[in-house]
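Chain and residue survey
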Amino acid sequence: MTPMSPAHKSYLKKLSRERILIRLTQLFIFILFLAFWELSVRLNWIDGFIFSSPSRVWNTFFSMAKDGSIFYHICITLSETIGSFLLVVTIGTIAAILLWLSERLSKIVEPYLIILNSLPKSALAPLLIVWLGTGTKTIIVTGISIAIFGTVLNLFTGFQETSSDKQKLIYTLHGTKKDVLFKVLLPSTIPLQISIMKVNIGLCLVGVVIGEFLAARQGLGYLIIYGSQVFKLDWVIMSIIILCIIAMILYSIVNKIEKYYQTIK
């Protein structure tokens with residue numbers, strides 16, 4: 001292995017210091033926000049009943065953690081989100097492949113996909129309840145509906161834009177469409193697929209919460225809507241904070257997958 005030059009070492013140290021500085025600044029801003037929020041409630045600058053406070057949110061979380069109820073709601077939302085996300089990835093990839101395999105089918109279906117992708121998906125949620133009833137099935141379908149159409153369109157576009165020279169080479173060597181798919185299209189579009197996954201993990205969480213607003217008796221979305229109805233706003237704000245943490249963790253996991261792929265590429 002070639003030893004690093006002093007300039008390279010200095011550059012790496014500079015990058016490391018920059019990352020640490022950014023993390024510390026982010027942490028400082030977050031702590032400052034919490035302190036100002038708590039102080040504003042204690043000094044009666046804002047109404048603690050309406051806006052809650054960090055201490056009230058923590059006490060609410062601690063009391064619900066003692067009986068395990070908050071972890072139950074978190075697990076429900078998390079499992080529904082992961083389930084809808086995996087289905088979006090699977091269904092979206094298969095649908096994009098089918099559109100690529102059949103030019104006629106793609107021309108027929110593409111306008112409908114564009115319309116459905118532009119449609120506000122929250123408008124579909126009440127219909128899904130009527131069609132499917134309340135429960136986990138409706139919530140997962142709602143999560144899928146938020147992300148599936150954009151996934152299909154983006155993947156199909158990625159397939160179309162993949163290097164035509166590589167495809168011609170496969171056909172020149174007497175390869176089939178199957179060979180083009182598995183040796184050119186899918187490997188070439190892995191970065192695109194991961195980028196779409198980074199967006200979809202958040203969209204699925206949004207869809208699941210919308211579904212829980214309307215069709216659930218459990219989950220963080222249910223806690224938010226029920227808490228707002230009975231004016232337990234500590235529940236509402238606590239659930240929103242937990243959703244932010246979940247979104248950050250899920251995005252970080254997909255981001256780690258992307259970095260791992262870049263290292264082995």
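Relevant structure appears above.
Residues numbered from 1 in each chain as written. Predicted model: local features only at pLDDT ≥ 70, side-chain atom pairs only at ≥ 80, totals over all residues. Heavy atoms only, no water.

**What to know about the side chain of Gln193**
The condition that has to hold: Strands here are runs of E lasting at least two residues and helices are runs of H or I lasting at least four, both read from the DSSP assignment and numbered beginning at the N terminus. Polar contacts here mean pairs of N or O atoms no more than 3.5 Å apart (in protein, one a potential hydrogen donor and the other a potential acceptor; neighbouring residues in sequence count only if both atoms are side-chain atoms). In this description, contact between two residues means that some pair of their heavy atoms is separated by no more than 4.5 Å.
Position of Gln193 relative to the elements: it lies in helix α10 (residues 190-215). Polar contacts involving the side chain of Gln193 include one to the main-chain carbonyl oxygen of Leu186, which spans 3.5 Å. Excluding residues that lie within four positions of it along the chain, Gln193 makes contacts with Leu155 and Leu186.

**Notes on unusual backbone geometry**
Even without a glycine there, the phi angle at Asn44 is positive, about 60°. Note on placement: Asn44 falls in the loop between α1 (6-42) and α2 (48-51). Its identity is not glycine, yet Ser52 carries a phi of approximately 60°, on the positive side. Along the chain, Ser52 falls in the loop between α2 and α3 (54-66).

**Here we look at the environment of Glu258**
The residue Glu258 is located in helix α12 (residues 233-264) in this model. Separated by 64 residues in sequence, Glu258 and Ile194 have C-alpha atoms that sit 6.4 Å apart. Those residues within four positions of Glu258 in sequence are excluded, and the remaining contacts are Ile194, Ser195 and Lys198. Polar contacts involving the side chain of Glu258 include one to the side chain of Lys198, which spans 2.8 Å.

**Some words on the nonpolar core**
As a reminder of what qualifies: In plain words, nonpolar cores are sets of buried Ala, Val, Leu, Ile, Met, Phe, Trp, Tyr and Cys residues tied together by side-chain atoms within 4.5 Å. Each residue is assigned to one of three classes by its accessible area relative to the maximum for its type, calculated with a 1.4 Å probe on protein chains only: buried under 20%, partly exposed between the two thresholds, exposed over 50%.
Ranked by internal contacts, the top residues of the largest apolar core, which has 50 residues, are Ile70 and Leu220. Top contributing element to this core by residue count: α12, with 11 residues. Every residue in contact with Leu220, bar those within four places of it in the chain, is listed here: Ile70, His73, Ile74, Thr77, Glu212, Ser239, Ile242, Leu243 and Ile246.

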